[in-house]
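Remarks on the overall topology
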Amino acid sequence: TINALSMIFSANYGLSLRGFFGKELKFLTIYFMLAEVINSRERLRNILIAIIASVVLIVADAGAQYFRGVDFIRGYGLARLTASFISANGFAGWLIVIIPLFLGLLAAGKVIGKSLKALLLVLVVLLLVCLILTFTRGAWLGFIMGISLMGWYAIKNFSLKIKILCLSAGIGLLAIFLILPQPIKAKVKAIGRINFKYSETVNARIKTTLKIDVGSTPIRFNLWREALRIISDYPLTGCGLNTYSIVARGYKSFEGGGIYPHNSFLQMTAETGLLGLFAFLWVLFSFFRMGMRHLNQKKNPLVLGLLAGILAFLVHAFFDTHLYSLQLVILFWFIMGLAVSEIKISDSFPS
């Protein structure tokens, strides 16, 4: 209904119709297909094995790009690690969904075999390295938020004995680091000094996050101001689905402006209005409420991993247009559909 209103008041009916029938319906179809077709443990396992196989391919591609300077799938060169994705930001957006999913699988029961769990453990380490080497701060923040959700929920549901054990392990690891011989400690600290053929080290990249006049941050702020001006002119129904690229040209305020705002939520509001943003947030609220209700009943670590991945993706989407990237928005709806299917399958079994 909201998309229909957005199309009625669209600045370009052709683009809006193309966006609705060529994109929106496709994404929703993927979601409902996953949610309805994956209705058994066997089908779920097959999907997960296919995901693991694809991750092996992408990790190998990222390794080839890092060591050879070009990935073997699309031939992308090396500036920041992208693998077969168009940009490092896109690769990072994929990583922060897959890593929590794999952590959930590792903690799950007999969803996959022990041999695959050993492979998952290796892949998680490699994926974390890839995430660092993307130098993508929004993804780092999203990943921290997703992992924090997993950690908070796990600690909340652990027994007091397990909580004490985890706290003791954390204090023990900190103590071990403090007493490490200097050469070993220096190697650990060296992680923050990786510059990966880039103008900044990891430490410097993190430190510039809060500096509004350094790097890409001021550009993003200016693009966000342009988006807010569009929203102020089209507050309720927006300028029209799929029309941001042409409408933004009339709001260009600096050299390099008049393009996508690098904020999925601002772009969504500009195109579909406050009504569209509210509708999307309501979908997310309903999804997470269903997921958390299921977690409270079933303590399902796979669902927890899927929820954490979606949360991480949404945090990162606040700093980029991932909900409008064909590579990533399909992943978003795919993972949401997978989460719903797992909830349905798990709920069909007694606690």
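Here we summarise the structure given alongside this text. (Residues numbered from 1 in each chain as written. Predicted model: local features only at pLDDT ≥ 70, side-chain atom pairs only at ≥ 80, totals over all residues. Heavy atoms only, no water.)

In terms of regular secondary structure, the protein is built from 14 helices and zero strands. Traced from its N-terminal end to its C-terminal end, the protein shows the element sequence α-α-α-α-α-α-α-α-α-α-α-α-α-α. Going through the 351 residues of the protein one by one, you find that 46% of them count as buried. Look at the contacts in the protein between residues 6 or more apart in sequence, and 69% of them connect residues 24 or more apart. For the protein, the accessible area works out to roughly 17,700 Å², and carbon and sulfur atoms hold 69% of it. (Helix = DSSP H or I, 4+ residues; strand = E, 2+ residues; numbered from the N terminus. Buried < 20%, exposed > 50% of the residue type's maximum accessible area, 1.4 Å probe, protein only. Contact = heavy atoms within 4.5 Å. Areas by Shrake-Rupley, 256 points an atom, 1.4 Å probe, with all protein chains shown as cover.)

By volume, the largest pocket amounts to about 1,200 Å³. Taken together, 47 residues form the lining of the largest pocket, with Glu24, Phe27, Leu323, Tyr324 and Val329 sitting closest to its centre. Put simply, the parts of the chain that give the lining of the largest pocket at least two residues each are helix H1 (2-8), helix H2 (13-37), helix H4 (88-107), helix H11 (244-247), helix H12 (264-298) and helix H14 (326-347). For the lining of the largest pocket, the element with the highest residue contribution is H12, accounting for 10 residues. Among the residues forming the lining of the largest pocket, the class breakdown is 26 nonpolar, 17 polar and four charged. (1 Å grid on protein atoms, 1.4 Å probe; cavity = no way out; pocket = protein on both sides within 12 Å on 5 of 7 lines; lining within 4 Å. Points joined across faces, edges and corners; volume = space filled by probe spheres on them. Nonpolar A, V, L, I, M, F, W, Y, C, P; charged D, E, K, R; others polar.)

This paragraph deals with the packing of helix H13 (residues 301-317) against H14. The interhelical angle for the contact between H13 and H14, taken along N-to-C directions, is 155 degrees, at an axis separation of 10 Å. Here H13 is positioned roughly antiparallel relative to H14, judged by the angle of their axes. Once H13 is placed against H14, the crossing between them reads as left-handed. Counting all contacts with H13, which are made through Leu302, Val303, Leu306, Ile310, Phe313 and Leu314, the residues of H14 involved are Leu328, Phe332, Ile335, Met336, Leu338, Ala339, Glu342 and Ile343. For the contact of H13 with H14, a count of residues per class yields 13 nonpolar, no polar and one charged. (Axes fitted to C-alpha atoms, helices over the stretch in contact; angles between N-to-C directions. Parallel < 35°, antiparallel > 145°, perpendicular 65-115°, else oblique. Left-handed = near helix turned anticlockwise from the far one by under 90°.)

The full count for this structure, using the stated rule, is 20 aromatic pairs. Summarising the aromatic geometry, the rings of Tyr66 and Phe67 are spaced 5.0 Å apart at their centres and angled 90 degrees between planes, so their arrangement reads as edge-to-face. A relative accessible area of 36% means that Tyr66 is categorised as partly exposed. Site record: aromatic cluster; members linked through ring pairs are Tyr31, Phe32, Phe221, Trp224, Phe265, Phe280, Phe313, Phe318, Phe319, Phe332 and Trp333. (Phe/Tyr/Trp six-rings, centres within 6.5 Å; stacked < 30°, edge-to-face > 60°.)

Turning next to the packing of H4 against helix H5 (residues 114-133). Between H4 and H5, whose axes approach to 10 Å, the crossing angle comes to 150 degrees. Between H4 and H5, the angle is such that the two are roughly antiparallel. Every pair of crossing elements has a handedness; the one defined by H4 and H5 is left-handed. Every residue of H5 that contacts H4 at Phe91, Ala92, Trp94, Leu95, Ile96, Ile98, Ile99, Phe102, Leu103, Leu105 and Leu106 is listed here: Lys117, Leu120, Leu121, Leu123, Val124, Leu127, Leu128, Cys130 and Leu131.

With that settled, the discussion passes to the side chain of His316. Examined against the element boundaries, His316 turns out to sit in helix H13. On the basis of relative accessibility, which here comes to 1%, the residue His316 falls in the buried class. Look past the residues within four positions of His316 in its chain and what remains in contact with it is Asn89, Ala92, Gly93, Ile96, Thr136, Gly138, Ala139 and His322.

Turning our eyes to something else, we now look at the pattern of salt bridges. Side chains bearing opposite charge may pair, as long as their charged atoms lie close to each other. This model, assessed by the stated rule, comprises three salt bridges. Measuring nitrogen to oxygen at the nearest pair gives 3.0 Å for the salt bridge that ties Glu36 to Lys344. Of this pair, Glu36 sits in helix H2 while Lys344 sits in helix H14, placing them 308 residues apart in sequence. Residue Glu36 is classed as partly exposed on the basis of its relative accessible area, which comes to 48%. A residue is classified by how much of its surface remains accessible, and Lys344, at 41% relative accessible area, is partly exposed. In this structure, Arg41 engages Glu342 in a salt bridge whose closest nitrogen and oxygen atoms are separated by 2.8 Å. Note that Arg41 is positioned in helix H3 (residues 41-68) and Glu342 in helix H14, a separation of 301 residues in sequence. (Salt bridge = Lys/Arg side-chain N within 4 Å of Asp/Glu carboxyl O.)

The next point concerns the nonpolar core. Ranked by internal contacts, the top residues of the largest apolar core, which has 77 residues, are Phe91, Trp94, Phe102 and Phe332. Secondary-structure elements contributing two or more residues to this core are H2, H3, H4, H5, helix H6 (137-157), H12, H13 and H14. Tallying contributions element by element places H14 first for this core, with 12 residues. Excluding residues within four positions of it along the chain, Phe91 makes contact with Ile58, Ala62, Leu81, Thr82, Ala83, Phe85, Cys130 and Thr134. Of all hydrophobic cores here, the second largest spans 11 residues; its members include Ile231, Ala248, Tyr251 and Ala270. (Core = buried A, V, L, I, M, F, W, Y, C linked by side-chain atoms within 4.5 Å.)

This next bit is on H13. Since one α-helical turn is 3.6 residues long, residues separated by three or four positions face the same way. Helix length check: H13 (17 residues) gives 24 Å between terminal C-alpha atoms against 24 Å at 1.5 Å per residue, within 8%. Burial within H13 is extensive, with 15 of its 17 residues counted as buried. The opening residue of H13 is Asn300, an N-cap whose side-chain oxygen sits 3.0 Å from the backbone nitrogen of Leu302. (Expected span 1.5 Å × (residues − 1). Polar contact = N/O pair within 3.5 Å; in protein donor to acceptor, adjacent residues only side chain to side chain.)

Unlike most non-glycine residues, Asn242 shows phi in positive territory, near 70 degrees. On the basis of relative accessibility, which here comes to 19%, the residue Asn242 falls in the buried class.

With that out of the way, let us pick up H12. Over its 35 residues, H12 extends only 33 Å from the first C-alpha to the last, a length that falls short of the 51 Å expected when each residue adds 1.5 Å. The largest bend along H12 measures about 125 degrees and falls at Thr272. Where H12 starts, the residue carrying a side-chain oxygen 3.0 Å from the main-chain nitrogen of Phe265 turns out to be Asn263. Positive phi appears at Lys299, one or two residues downstream of H12, with a value of about 50 degrees. (Bend = angle between axes of the 7 residues up to and from the residue.)

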